[in-house]
Amino acid sequence: MNIGIIGSGNVGKTLGKGLIQAGYPTLISSRDPLHSKHYTWKQEVDSNGDIVSFNKVIRFGDIIILALPWSCVEDVLETIDHQYMKNKIVIDVTNAVTFSNGPRLLYETTSAGETVQQLLPLSHVVKTLNTVSDKVMVRPSFEDGTPTMFVSGNDNHSKKQVEMVLNHLGWSDIIDLGDIRQSRLQESIMVACVISEIQRKVTASSFSLLTI
């Protein structure tokens, strides 16, 4: 299964490297694939991965990961050829949040996940991995217990495929919250985690469900 990543920032590069190590043929994409800032990542993955254009990555991937700052999501998605996105699984890692006057959600009645599904009506959008920083997206390890990862989306088969990818990235406790509207919960959890990190002066955190 080929995986293409839209976005070459810390999240895109971290997931790209982790997926390559897990055995997935993976390409990530950038507006400027030849920029010198990508050189270190290319060295790290050697010939196992590459950085290409947005349209090349969507033609390549059976699963597409959207790993962009929310401010440029709509602009980038407008540049791609949507015929190549038909029936593809899109993992949405974005968050519609602002950090002006403290972290908070941008929308009250929708979410990034729902918006991405509207922008890509031919694709099966699955929201996940948005609740944690890139530091713990791959093979998460916490002294206090097993972290929980959430998924939401309208297509059950697509969610099962994404859960398999999450397993290969080291996530063992995964909860399906329901359809894509539940992205609102996931983005709220992300904000709660960020506020908690600021208060406790830690660099990374994750939600964990404790049961009796």
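Residues numbered from 1 in each chain as written. Predicted model: local features only at pLDDT ≥ 70, side-chain atom pairs only at ≥ 80, totals over all residues. Heavy atoms only, no water.

A.B. asks: I would appreciate a short explanation of unusual backbone geometry in the present structure.
C.D. replies: Excluding glycine, a negative phi dihedral is what most residues carry, and trans is how most peptide bonds are arranged. For N101, which is not a glycine, the phi torsion comes out positive at approximately 60 degrees. You can see N101 is positioned in the loop between β6 (97-98) and β7 (104-105). Overall, N101 belongs to the exposed group, its relative accessible area being 77%. (Helix = DSSP H or I, 4+ residues; strand = E, 2+ residues; numbered from the N terminus. Buried < 20%, exposed > 50% of the residue type's maximum accessible area, 1.4 Å probe, protein only.)

A.B. asks: Mind showing me how you'd approach the packing of helix α5 (residues 112-119) against helix α7 (residues 183-200) here?
C.D. replies: Each pair of packed helices can be described by the angle between their axes along with the distance between the axes. For the pair α5 and α7, interaxial distance at closest approach is 7 Å and the crossing angle is 135 degrees. Taken as axis vectors, α5 and α7 run oblique relative to one another. Along its contact with α5, which presents A112, G113 and E114, the element α7 presents S183, R184 and E187. Class assignment of the residues belonging to the contact of α5 with α7 gives a composition of one nonpolar, two polar and three charged. (Axes fitted to C-alpha atoms, helices over the stretch in contact; angles between N-to-C directions. Parallel < 35°, antiparallel > 145°, perpendicular 65-115°, else oblique. Contact = heavy atoms within 4.5 Å. Nonpolar A, V, L, I, M, F, W, Y, C, P; charged D, E, K, R; others polar.)

A.B. asks: So what exactly am I meant to see when it comes to the packing of aromatic side chains here?
C.D. replies: In this description, a pair of aromatic rings is defined by centroid distance and the angle of the planes. Under the definition given, this model contains two aromatic pairs. With a centroid separation of 6.4 Å and 80 degrees between ring planes, the pair formed by W70 and Y107 is classed as edge-to-face. Here the residue W70 occupies a position in the loop between β4 (63-66) and α4 (73-79), and Y107 occupies one in the loop between β7 and α5, the gap between them amounting to 37 residues. Seen in terms of ring centroids, F150 and F207 are 5.4 Å apart; in terms of plane orientation they differ by 50 degrees. Their pairing is tilted. Residue F150 is found in strand β9 (residues 148-153), and its partner F207 is found in the segment after α7; the two are separated by 57 residues along the sequence. You can call F150 buried: its relative accessible area is 6%. Owing to a relative accessible area of 33%, F207 belongs among the partly exposed residues under this scheme. (Phe/Tyr/Trp six-rings, centres within 6.5 Å; stacked < 30°, edge-to-face > 60°.)

A.B. asks: Looking at this structure, how should I read the nonpolar core?
C.D. replies: Across soluble globular proteins, nonpolar side chains show a tendency to be buried alongside one another. Counting 31 residues, the largest nonpolar core has L15 and I65 as its most contacted members. Every element with two or more residues in this core is listed here: β1 (3-6), α1 (10-21), α2 (39-45), β4, β5 (89-92), β9 and α6 (156-168). Filtering out sequence-adjacent residues up to four positions away, L15 remains in contact with I5, I65, V93, L129, M137, V138 and L169. (Core = buried A, V, L, I, M, F, W, Y, C linked by side-chain atoms within 4.5 Å.)

A.B. asks: Looking at this structure, I do not really get the environment of T26. What am I missing?
C.D. replies: Here T26 lies in strand β2 (residues 26-29). Spatially, the C-alpha atom of T26 lies 9.4 Å from that of I51, the residues being 25 residues apart in sequence. In terms of polar contacts, T26 uses its side chain to reach the backbone carbonyl oxygen of Y24, at 2.9 Å. (Polar contact = N/O pair within 3.5 Å; in protein donor to acceptor, adjacent residues only side chain to side chain.)

A.B. asks: Would you mind showing me how to read the pattern of salt bridges here?
C.D. replies: Pairing is possible between side chains of opposite charge, provided their charged atoms come close. The full count for this structure, using the stated rule, is seven salt bridges. Its salt-bridge partner being E44, residue K17 comes within 3.6 Å of it at the nearest N-O pair. In this pair, K17 is assigned in helix α1 and E44 in helix α2, connecting sequence segments 27 residues apart. E44 gets classed as partly exposed once you look at its relative accessible area, which sits at 46%. (Salt bridge = Lys/Arg side-chain N within 4 Å of Asp/Glu carboxyl O.)

A.B. asks: Looking at this structure, how should I read the pairing of β5?
C.D. replies: One face of the sheet, then the other: side chains in a regular strand alternate in exactly this way. Here β5 shows no split at all, with I89 and I91 on one side and V90 and D92 on the other all buried. Alignment of β4 against β5, held across four bridges, turns out to be parallel. Within β5, the position partnered with I63 by the bridge is I89. In this fold, the crossover linking β4 to β5 by way of α4 has right-handed handedness. Here β5 runs beside strand β8 (residues 124-127); their pairing, made up of four bridges, is parallel. Across the sheet, the residue bridging to D92 is K127, located in β8. (Pairing = 2+ DSSP bridges. Right-handed = clockwise from strand over helix to strand, strands pointing away.)

A.B. asks: So what exactly am I meant to see when it comes to the sheet that holds strand β10 (residues 173-178) here?
C.D. replies: Read across the open sheet, the eight strands follow the order β3-β2-β1-β4-β5-β8-β9-β10; overall the sheet is mixed. Strands at the two margins of the open sheet, each flanked by one partner only, are β3 (49-52) and β10. Mean inter-strand twist for the sheet, computed between neighbouring axes without regard to direction, equals 25 degrees. Relative to β9, β8 runs antiparallel, the two sharing two bridges. Paired with V126 across the two strands is G153, which belongs to β9.

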